[in-house]
Amino acid sequence: MALFNACQALATPERGPTLQEIAAKACVGLQAARNTVPNMVRAKQLRSPRTRRVAHRNRPVAEYAPASESLGDVGFVDLGSVLRVWGG
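Remember, predicted model here, so these are calculated numbers, not experimental data. One numbering rule holds for all chains: residues counted from 1, following each sequence as written. Reporting of local features is limited, given that this is a predicted model, to residues whose pLDDT is at least 70; pairs of side-chain atoms are given and counted only at 80 or more, and all residues count toward the totals for whole chains, interfaces and linings. Excluding hydrogens and water, the side-chain values take into account all heavy atoms of the structure.

Engineer: Quick question: what am I supposed to make of the pattern of salt bridges here?
Structural biologist: When charged atoms on two side chains of opposite charge get close, those side chains can pair. Whenever a carboxyl oxygen of Asp or Glu lies within 4 Å of a side-chain nitrogen of Lys or Arg, that contact is scored as a salt bridge. For the coordinates displayed, the defined rule picks out three salt bridges. Between E21 and R52 there is a salt bridge whose closest N-O contact spans 3.0 Å. On the criterion of sequence distance, the pair formed by E21 in helix α2 (residues 19-26) and R52 in strand β1 (residues 46-52) is long-range, its members being 31 residues apart. Here the term buried applies to any residue with accessible area under 20% of the maximum for its type, exposed to any over 50%, and partly exposed to those in between, with areas from a 1.4 Å probe on protein chains only. With a relative accessible area of 14%, R52 lands in the buried category. With a closest N to O distance of 2.7 Å, E63 and R50 form a salt bridge. Here E63, found in strand β2 (residues 61-66), pairs with R50, found in strand β1; they are 13 residues apart in sequence, far enough to count as distant. Secondary structure is summarised from DSSP: a helix means a run of H or I of at least four residues, a strand means a run of E of at least two, and numbering begins at the N terminus for each.

Engineer: Looking at this model, I keep getting lost on helix α1 (residues 2-10). Mind explaining?
Structural biologist: Because an α-helix completes one turn every 3.6 residues, residues spaced three or four positions apart along the sequence face the same direction. Looking only at α1, the buried set comprises L3, F4, A6 and C7. Within α1, the buried residues cover an arc of 165° as seen down the axis, which keeps them to one side. The criterion used for residue contact is that any of the two residues' heavy atoms lie within 4.5 Å. Summarising the contacts, the buried residues of α1 are in contact with α2, α3 (30-42), β1 and β2. Taken from the helix axis, the directions to the C-beta atoms give the arc we talk about.

Engineer: I'm lost on the confidence of the model for the protein chain in this one. Help?
Structural biologist: Keep in mind that low pLDDT regions are not for reading the predicted coordinates in detail. When pLDDT is averaged along the protein chain, the result is 84, and 78% of the positions lie at 70 or above. Looking over the protein chain, one finds the lowest element-wise mean pLDDT in helix α4 (residues 74-87), namely 59, and the highest in α2, namely 95. One number per residue, pLDDT, summarises how confident the predictor is, and it ranges from 0 to 100.

Engineer: Please clarify how the packing of α2 against α3 should be interpreted in this entry.
Structural biologist: Packed helix pairs are characterised by how far apart their axes lie and by the angle those axes make with each other. All axes here are fitted lines through C-alpha atoms, helices being fitted over the stretch that makes contact, and every angle between N-to-C directions spans 0 to 180 degrees. Interhelical geometry of α2 versus α3 gives an angle of 115° and a closest axis separation of 9 Å. Along this stretch, α2 crosses α3, giving a crossing that reads as right-handed. Counted together, L19, Q20 and A23 of α2 and L30, A33, R34 and V37 of α3 form the full contact between these two elements. Its residues assigned to classes, the contact of α2 with α3 shows five nonpolar, one polar and one charged. Crossings are assigned a handedness: left-handed for a near helix turned anticlockwise from the far helix by less than a right angle, right-handed for a clockwise turn. Three residue categories are used. Nonpolar comprises Ala, Val, Leu, Ile, Met, Phe, Trp, Tyr, Cys and Pro, charged comprises Asp, Glu, Lys and Arg, and polar comprises the others, including Gly.

Structure, rendered in structure tokens:
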């Protein structure tokens, strides 16, 4: 949730945050973000619309953006429903 909120706060129409920027804003370790953000992209909570050059890498890095305002919480609501049914 912290990674999603950080991405949402940093994303602008002309520029999206990189993985390193998202991890720093969310106060999460870089390795934890490296493991989680690809899963969020696969779950369609985040998308990677473009790449850009940064000073600390030779290759372009991916920028991330929230997939959609209306679909942002769908995965979390479904998980809550599953846990309620499973627990009781």
